[in-house]
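# Results of the structural survey
Letter by letter, the chains look like this.
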Number of protein chains: 2
Amino acid sequence: MKLALDAMGGDDAPQINVDGAVLALSKLSSLEKLYLVGNEAELKKRCEAAGIARDARLEIVHASEVVEMDESGLDVLRKKKDSSMGVSVNLVKDGTADAVVSAGNTGAAVAASTFGLRRLPGIKSAGIVSPLPSVHGYVLVTDTGANPDPAGPRLLVGYAVMAALMARYIYNRPQPKVAVMSNGTEDCKGSKFSKETFRALQELAEHKLLPFNFAGNCEGHDLLETDLDVAVTDGFTGNILLKSVEATAKAFAHWLKAGIKADFMAMLGALAMRRVFRRISEKLSADSIGGCPLMGVNGVSIIAHGSATGVAILNAMRMAEGMCRNSVNDRIVDTMGAINAYWNHDSAE
Amino acid sequence: MKLALDAMGGDDAPQINVDGAVLALSKLSSLEKLYLVGNEAELKKRCEAAGIARDARLEIVHASEVVEMDESGLDVLRKKKDSSMGVSVNLVKDGTADAVVSAGNTGAAVAASTFGLRRLPGIKSAGIVSPLPSVHGYVLVTDTGANPDPAGPRLLVGYAVMAALMARYIYNRPQPKVAVMSNGTEDCKGSKFSKETFRALQELAEHKLLPFNFAGNCEGHDLLETDLDVAVTDGFTGNILLKSVEATAKAFAHWLKAGIKADFMAMLGALAMRRVFRRISEKLSADSIGGCPLMGVNGVSIIAHGSATGVAILNAMRMAEGMCRNSVNDRIVDTMGAINAYWNHDSAE
């Protein structure tokens, strides 16, 4: 795999990306080429310090501008023509790299990838897929923020197909279980929009056009304690859901720490429980997931957390590698081709 | 206060409601009259066993039907004319009681209260307000499911006003901080609908018509770790948010328990930490909140959790008592009167 890494993306960039590069060069055997994109002088110095400057697989690609965390995605596209993010995406666009990883500004990464790579044939809107740790492994929530106002339920069918194929090929779930997020599990529950999505999926399921088991509606309660693989919703609801789940885990940890600090016995208890706490914190850490793919663009684009570490960058590259090796995009095009043919035929009748 | 309790509502009804009655009769000094509504013979027997049958404040009101947990709200209205829930609401409607508490089917409680009590003047849609424990106390999320498809941003202005007045009078926050749920905190972020709500609130804030500080957008991350008092959203998003937060807390507890079970040292540690765990579990317990008001109806209607215990029922009655004592509904009518006058004047211009 040839990978472009936006070396200036992330709260602690560029060092986290150099750390990620060090890890990837030693652990990711399929890595043929790693393009480290950003300020050349700075990156050269850090790569030398990290002892990877002479690795033949590494190539530093200069980019003179950096996307800030608070810039709007469209502003960046217009004004910063030579940003590390844009140059990284262009390496995929022109076929030099197979995939791009960035821990920079999410809105800008979505805009740069969507406008730079264009969408896959048959896909009308790209969506971010976020894996959430559940009691049974992971549940993939999509869209978590690429498009807060999807124009119709058929866009959500696309999200469901993309996330289901990711569940199959990246998370090894041959027949993923997919549900529509709603305010209750009964078929009659939902907003006008979620009900339309439900019906569109139900119709495709009846015609055996879905590469997954359609499980109807799911609600927040089902998310982490059932064997659900994919929960599909619009980017507005998905983003609020994702961040609320993260906030709850953080608040829980806050209450534990505050309780432990105030009580000497509990402090000893916490010491004895440290392995349990470490395992939970690893499970919930964004670093172990690494990054979330922006699915539906013509190329592989992985968006890592702004607070990513080198380990997160490595895991984001692993996600990119899995998407490339399993040709997930080709499978999306095939599946959506059949679904679009059904829709076109249906509306022509 | 005179209170109607739907004695047949809740997973463990009627006993939890009899337990709640026992607690309320001994602890709630403002309780003048408690109407226990349901199967008379059954309730009489249980009240006798609990030693409250002879309390002059208690009156059993017979209702021959029970609303099941999986019935649709509108079906119940049409078919079950003598349900314990409907009869309880009617006691408020005809002025016999000041407030109603039910741990029954939420959809049916919303339908029965909205159709039975009608809406407050100036309010176009009732909303459920759910207090979530945050690091700073509580954040009130509304609407959490009364109306999954609100017809316009002005309905959400109503939700914001109602929850803010609840924050002021029930949670003692003289100048509550209120924000609109969105997929990012920047002013430009949001769905079309949340942005319209943002602008409607901003305009009212400029004209000093809001009984709270309008803090702009908030995202999931802000929910539990800032000093936000109210987060306003549509009933679809709010319901998913609320249940996802509950699911995360449950999953966290699941991982802790599983880790402790598998490790003898951790088991000892957990024993030493039991006070900390108990405090967190009390904080997160739905029982300590008791119930969520359905705000905007002409009367006080509190919806308790289906899995409520007697303690939850007592706390739901306390919530009802606070709403009555502080005349929260009158204050809503005043505030919305001024806002509606501004809107009418504005559109007449």
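Now for a quick tour of the structure.

Conventions we followed
- Residues numbered from 1 in each chain as written.
- Chains lettered and ligands numbered in written order.
- Predicted model: local features only at pLDDT ≥ 70, side-chain atom pairs only at ≥ 80, totals over all residues.
- Heavy atoms only, no water.
- Helix = DSSP H or I, 4+ residues; strand = E, 2+ residues; numbered from the N terminus.
- Rg over C-alpha atoms; globule rule 2.2 N^0.38 Å.
- Buried < 20%, exposed > 50% of the residue type's maximum accessible area, 1.4 Å probe, protein only.
- Areas by Shrake-Rupley, 256 points an atom, 1.4 Å probe, with all protein chains shown as cover.
- Pairing = 2+ DSSP bridges.
- Salt bridge = Lys/Arg side-chain N within 4 Å of Asp/Glu carboxyl O.
- Least-squares fit on C-alpha atoms with pLDDT ≥ 70 in both.
- Contact = heavy atoms within 4.5 Å.
- Disulfide = S-S within 2.5 Å.
- Buried area = accessible area lost by both parts, 1.4 Å probe.
- Polar contact = N/O pair within 3.5 Å; in protein donor to acceptor, adjacent residues only side chain to side chain.
- Axes fitted to C-alpha atoms, helices over the stretch in contact; angles between N-to-C directions.
- Parallel < 35°, antiparallel > 145°, perpendicular 65-115°, else oblique.
- Nonpolar A, V, L, I, M, F, W, Y, C, P; charged D, E, K, R; others polar.
- Phe/Tyr/Trp six-rings, centres within 6.5 Å; stacked < 30°, edge-to-face > 60°.

## Overview of the overall build of chain A
Scanning chain A for helices and strands turns up 13 helices and 11 strands. The C-alpha atoms of chain A give 21 Å as radius of gyration, which agrees with the globular expectation for 349 residues (20 Å, within 12%). Taking the principal axes of its C-alpha atoms as reference, chain A extends roughly 65 × 60 × 35 Å. Relative to its 349 residues, chain A shows a buried fraction of 58%. About 14,100 Å² of surface is accessible on chain A, with carbon and sulfur atoms providing 50% of the total.

## Re the pairing of strand β10 (residues 291–295) of chain B
All names here are of chain B. Most of β10 is tucked away, with five of its five residues classed as buried. Every second residue of β10 is oriented toward a common face, with G291, P293 and M295 on one face and C292 and L294 on the other, all of them buried. Bridging between strand β5 (residues 127–134) and β10 involves two bridges; their strand directions are antiparallel. For I128, the partnering residue across the bridge sits in β10 and is L294. Two strands pair when backbone bridges link them, and β10 and strand β11 (residues 300–304) are joined in this way by three bridges, in the antiparallel orientation.

## Details of the pattern of salt bridges
Residue and element names in this part refer to chain B. Summed over all chains, the structure comprises 26 salt bridges over all chains. Of the charged contacts, one joins K33 and E59 as a salt bridge, the two residues approaching to 3.4 Å between their closest N and O atoms. Taken together, the positions of K33 in strand β2 (residues 33–38) and E59 in strand β3 (residues 58–62) put the pair 26 residues apart, joining distant regions of the chain.

## A short note on the relation of the copies chain B and chain A
Of the transformation superimposing chain B on chain A, the axial component is 0.0 Å and the angular component is 180°, with the fit at an RMSD of 0.0 Å. Taken together, these values place the two copies in the relation of a two-fold axis. Taking the C-alpha atom as reference, chain B places G269 of chain B closest to the rotation axis, 1.8 Å from it. When you check the interface residues of chain B against chain A, 100% turn up at the interface there too, and the contact is symmetric in its surfaces.

## Structural notes on the environment of M162 of chain B
Residue and element names in this part refer to chain B. If you trace the backbone, M162 turns up in helix α6 (residues 153–170). Using a relative accessible area of 1% as the deciding quantity, one classes M162 as buried. In this structure, M162 is in contact with I123, S125, G127, M295, G296 and I332, ignoring residues within four places of it in sequence.

## Observations concerning the state of the cysteines
Residue and element names in this part refer to chain A. Applying the stated criterion across every chain, the model contains zero disulfides over all chains. Not engaged in a disulfide, the cysteine C218 finds its nearest cysteine sulfur in C188; these two sulfurs lie 15 Å apart. Owing to a relative accessible area of 3%, C218 belongs among the buried residues under this scheme.

## Things to note about the interface of chain B and chain A
Often, the extent of an interface is quoted as the loss of accessible area upon association of its parts. Facing the 54 residues of chain B at the interface are 54 residues of chain A. Regarding the contact of chain B and chain A, the summed buried area is about 5,000 Å², with carbon and sulfur atoms giving 71% of it. Contact with chain A buries area across many residues of chain B, yet F236, F252 and W255 of chain B alone supply 15% of it, more than any other trio. Linking chain B with chain A are six salt bridges, by the criterion used here. Taking the shortest distance from any N to any O, the salt bridge between K243 of chain A and E219 of chain B comes out at 2.5 Å. Scanning the region where chain B abuts chain A turns up 10 residue pairs in polar contact (both at pLDDT 80 or more). Broken down by secondary-structure element, the contributors of at least two residues to the side of chain B that touches chain A are β5, α7 (192–206), α8 (235–261), α9 (264–272) and α10 (274–284) of chain B.

## A word on the side chain of T248 of chain B
Relative to the helices and strands, T248 of chain B is located in helix α8. Among the residues examined, T248 of chain B registers a relative accessible area of 5% and is labelled buried. A polar contact of 2.7 Å, which involves the side chain of T248 of chain B, links it to the backbone oxygen of S244 of chain B. Excluding its chain neighbours within four sequence positions, the residues that come into contact with T248 of chain B are L224, V245, T248 and A249 of chain A.

## Notes on the side chain of S191 of chain B
If you trace the backbone, S191 of chain B turns up in the loop between β7 (177–181) and α7. The contact partners of S191 of chain B, leaving out residues within four places of it in the chain, are P148, D149 and F236 of chain A together with N183 of chain B.

## Topic: the packing of helix α8 (residues 235–261) of chain A against helix α9 (residues 264–272) of chain A
Residue and element names in this part refer to chain A. Contact pair α8 / α9: the axes reach a minimum separation of 6 Å and the direction vectors enclose 125°. Judged on the interaxial angle alone, α9 and α8 are oblique. Between α8 and α9, the residues in contact are G259, I260 and K261 and A266, M267 and A270, respectively. Classifying every residue of the contact of α8 with α9 by side-chain character gives four nonpolar, one polar and one charged.

## Observations concerning the packing of aromatic side chains
Summed over all chains, the structure comprises five aromatic pairs over all chains. An angle of 70° between the planes, with centres 5.4 Å apart, marks the rings of F198 of chain A and F214 of chain A as edge-to-face. In this pair, F198 of chain A sits in helix α7 (residues 192–206) while F214 of chain A sits in strand β8 (residues 213–218), placing the two residues 16 residues apart along the sequence. As far as the burial class goes, F198 of chain A and F214 of chain A line up, both buried. Taken together, a centroid distance of 4.0 Å and an interplanar angle of 20° make the contact between F252 of chain A and F252 of chain B stacked. Here F252 of chain A is found in helix α8, whereas its partner F252 of chain B is found in helix α8 on a different chain. By the burial criterion, F252 of chain A is buried, and F252 of chain B matches it.

## Here's the deal with the sheet that holds strand β4 (residues 99–102) of chain B
Residues and elements named next belong to chain B. Pairing is mixed in the open sheet, where 11 strands are placed in the order β3-β2-β1-β4-β11-β10-β5-β6-β9-β7-β8. The open sheet terminates on both sides in strands that have one partner only, identified here as β3 and β8 (213–218). In this sheet, neighbouring strand axes are inclined to one another by 25° on average, regardless of whether the strands run parallel or antiparallel. Here β5 pairs with strand β6 (residues 137–142) via six bridges, running antiparallel. What sits directly across from P133, in β6, is Y138.

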